[in-house]
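# Fold and geometry: a report
Chain by chain, the residues run as shown.
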Amino acid sequence: MEDKDIIGLYKSGQAERAFTFIVRKYSERLYWHIRQLEADHDDADDILQETFIKVWNALPAFREDSKLYTWLYRIATNESLTFLKRRKLRATFTLRDPDMDMASFIESDPLFDGDELQLSLQKAIATLPPKQKSVFVMRYFHEIKYEDISEIMGISVGALKASYHHAFNKVQEYLKKEGY
Amino acid sequence: MSKSYMNEQYNITDDPHLKSNPFKAPEGYLESLEERILSLAGIVQGEAAEEVVTPSGVWRRFGILKPALLLACTFGVIFGMGYGVLRLTGTLDKSPNGEDSYYAKMVEKGLIKTKFIDWIEEDLEYDDFYEEDQDFDEEEVVSWLATQYSSMELAQLYYDEK
């Protein structure tokens, strides 16, 4: 079902049906988006649930100024960024390095199915600041257009391109140090 | 791609394999994802519906008070059971040394009402006393006064009245 048809359903008073179609169409995509930002499955699941509760509550306020899918990605990304900030804050108080924590977590995660190179790439991504990480993941893995990422992140296309460029170079540099 | 045959700097954009998803979801997770999220939204919807169905919010307030009421009921039941056991074993009527307690003695003397019928009887006696058509025999009044007061007191009352 097209996004405009889902919105049409919602406008005709069939909120539950519209929400069901949104969940059917986007839950898996959003899960993978969140999972690539936040490698842990349990955390990703929590963030996804929070995301859909917010979507359900905010649906009456949805204006068609933005596309449905960028609106959904914005909520999911904001939830993930809030979670990442909170974790970073917690790590500061416990004097731990959250990037190292994440890298060692991915290494021992039984749900990580990648090879050595993919592991190095994930470790490199874990070192990026949260917003840069979001831009990199959306552009590199999901190949979302800059214009849409701009809508999702609320950042200008120019600033996004610069951010992606920085992130890309950092990842390349990390892989070079790893011997690739 | 192995590290060994890397002569030039590796470029991540040249390797489509890197863009593939290296993560797995737990078995059955994605299949049940839609259902779980919808049931979660169902809870939210239920709460929203409650607001509409109960404009006075009486049921909502009842929902808030429910734990307190439940606690009060639990205390009531526990107290009732304890009281029942004490009544059945007769512990209430006996002091620790086996004698009748002060309370039991008072009940026996009729100074403490323990049964509903006692209260009714008391009301009936009270009503009888104030019956308008109650006749007093003169002899009865004199004999009653004689038992209650001494002749000196009666003389004093008579003098005060004058």
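You'll find the structure just up there.
Attention here is on the structure that accompanies the text. (Residues numbered from 1 in each chain as written. Chains lettered and ligands numbered in written order. Predicted model: local features only at pLDDT ≥ 70, side-chain atom pairs only at ≥ 80, totals over all residues. Heavy atoms only, no water.)

Take the overall build of chain A next. Of regular secondary structure, chain A possesses 9 helices and 0 strands. Across chain A, helices and strands are ordered from the amino to the carboxyl terminus as α-α-α-α-α-α-α-α-α. Counting over 180 residues, chain A shows a buried share of 53%. Put simply, of all contacts in chain A between residues at least 6 apart along the chain, 62% involve residues at least 24 apart. Roughly 8700 Å² of accessible area belongs to chain A as shown, and the carbon and sulfur atoms make up 51% of that amount. (Helix = DSSP H or I, 4+ residues; strand = E, 2+ residues; numbered from the N terminus. Buried < 20%, exposed > 50% of the residue type's maximum accessible area, 1.4 Å probe, protein only. Contact = heavy atoms within 4.5 Å. Areas by Shrake-Rupley, 256 points an atom, 1.4 Å probe, with all protein chains shown as cover.)

Quick look at the overall build of chain B now. Of regular secondary structure, chain B possesses 6 helices and 0 strands. The proportion of buried residues among the 162 residues of chain B is 12%. Accessible surface for chain B amounts to roughly 13800 Å². Of this, 60% is attributable to carbon and sulfur atoms.

A common way to express how large an interface is: the accessible area buried when the components associate. With 43 residues of chain A at the contact, the number on the chain B side is 30 residues. When chain A packs against chain B, close to 3600 Å² is buried across both sides, 65% of that on carbon and sulfur atoms. Joining chain A to chain B, the criterion identifies 3 salt bridges. The residue R24 of chain A makes a salt bridge to E34 of chain B at a minimum N-O spacing of 3.0 Å. At the level of secondary structure, the elements contributing two or more residues to the side of chain A that touches chain B comprise α2 (15-37), α3 (41-58), α6 (116-126), α7 (130-141) and α9 (157-177) of chain A. Sort the elements by how many residues they give to the side of chain A that touches chain B and α2 of chain A lands first, with 11 residues. Along the lines of polarity and charge, the residues of the side of chain A that touches chain B split into 21 nonpolar, 11 polar and 11 charged. (Buried area = accessible area lost by both parts, 1.4 Å probe. Salt bridge = Lys/Arg side-chain N within 4 Å of Asp/Glu carboxyl O. Nonpolar A, V, L, I, M, F, W, Y, C, P; charged D, E, K, R; others polar.)

Okay, the packing of aromatic side chains next. Residue and element names in this part refer to chain A. Summed over all chains, the structure comprises 13 aromatic pairs over all chains. When the centroid spacing of 6.4 Å and the interplanar angle of 75° are considered together, the rings of Y146 and Y164 count as edge-to-face. Taken together, the residues span a long stretch of sequence, with Y146 in helix α8 (residues 146-153) and Y164 in helix α9 at a distance of 18 residues. Judged by relative accessible area, which is 14%, Y146 ranks as buried. (Phe/Tyr/Trp six-rings, centres within 6.5 Å; stacked < 30°, edge-to-face > 60°.)

Glancing now at empty space enclosed by the protein. Tallied over the entire structure, the rule returns 2 cavities of 30 Å³ or more. Taken together, R35, Q36, L37, E38, A39, M102, I106, Q122, I125, A126 and K133 of chain A together with F23 of chain B form the lining of the second largest cavity. Residue assignment for the lining of the second largest cavity shows that the elements contributing at least two residues are α2, α5 (98-108) and α6 of chain A. Its residues placed into classes, the lining of the second largest cavity shows 7 nonpolar, 2 polar and 3 charged. (1 Å grid on protein atoms, 1.4 Å probe; cavity = no way out; pocket = protein on both sides within 12 Å on 5 of 7 lines; lining within 4 Å. Points joined across faces, edges and corners; volume = space filled by probe spheres on them.)

What follows covers the pattern of salt bridges. Proximity of charged atoms lets side chains of opposite charge pair with each other. Residue and element names in this part refer to chain A. The full count for this structure, using the stated rule, is 8 salt bridges over all chains. Across the pair D109 and R35 runs a salt bridge, and its minimum N-O distance is 3.6 Å. With D109 in the loop between α5 and α6 and R35 in helix α2, this pair connects stretches of sequence that are 74 residues apart. Overall, D109 belongs to the buried group, its relative accessible area being 9%.

The next subject is the side chain of Q122 of chain A. By secondary structure assignment, the location of Q122 of chain A is in helix α6. In this view, Q122 of chain A contacts I106, F112 and F141 of chain A together with P22 and F23 of chain B; residues no more than four positions away in its chain are not counted.

Residues and elements named next belong to chain A. Between its first and last C-alpha, α7 extends 16 Å over 12 residues, near the 16 Å set by a 1.5 Å rise per residue. Summarising burial for α7: 9 of the 12 residues are buried, a large majority. Listed in full, the buried residues belonging to α7 are Q132, K133, S134, V135, F136, V137, M138, Y140 and F141. Positive phi shows up at E143, right after α7, with a value of about 50°. (Expected span 1.5 Å × (residues − 1).)

Here we come to the packing of α2 of chain A against α3 of chain A. Residues and elements named next belong to chain A. Between α2 and α3, the least distance of the axes is 10 Å, while the angle of their chain directions is 150°. Taken together, the axes of α2 and α3 lie roughly antiparallel to each other. Here α2 and α3 pass one another in a crossing that is right-handed. Note on element contacts: α3 touches α2 through H41, A44, I47, L48, T51, F52, V55 and W56, opposite A15, E16, F19, I22, V23, Y26, S27, L30, Y31, I34 and R35. Looking at side-chain class alone, the contact of α2 with α3 contains 14 nonpolar, 3 polar and 2 charged residues. (Axes fitted to C-alpha atoms, helices over the stretch in contact; angles between N-to-C directions. Parallel < 35°, antiparallel > 145°, perpendicular 65-115°, else oblique. Left-handed = near helix turned anticlockwise from the far one by under 90°.)

Here we take up a nonpolar patch on the surface. Residue and element names in this part refer to chain B. Together, W144, Y149, L154 and L157 make up a nonpolar patch on the protein surface, roughly 380 Å² of accessible area in all. With respect to the helices and strands, L154 occurs in helix α6 (residues 151-161). The exposure class assigned to L154 is partly exposed, which follows from its relative accessible area of 30%. (Patch = residues over 30% accessible without salt bridge, like charges linked within 9 Å, V, L, I, M, F, W, Y side chains within 5 Å.)

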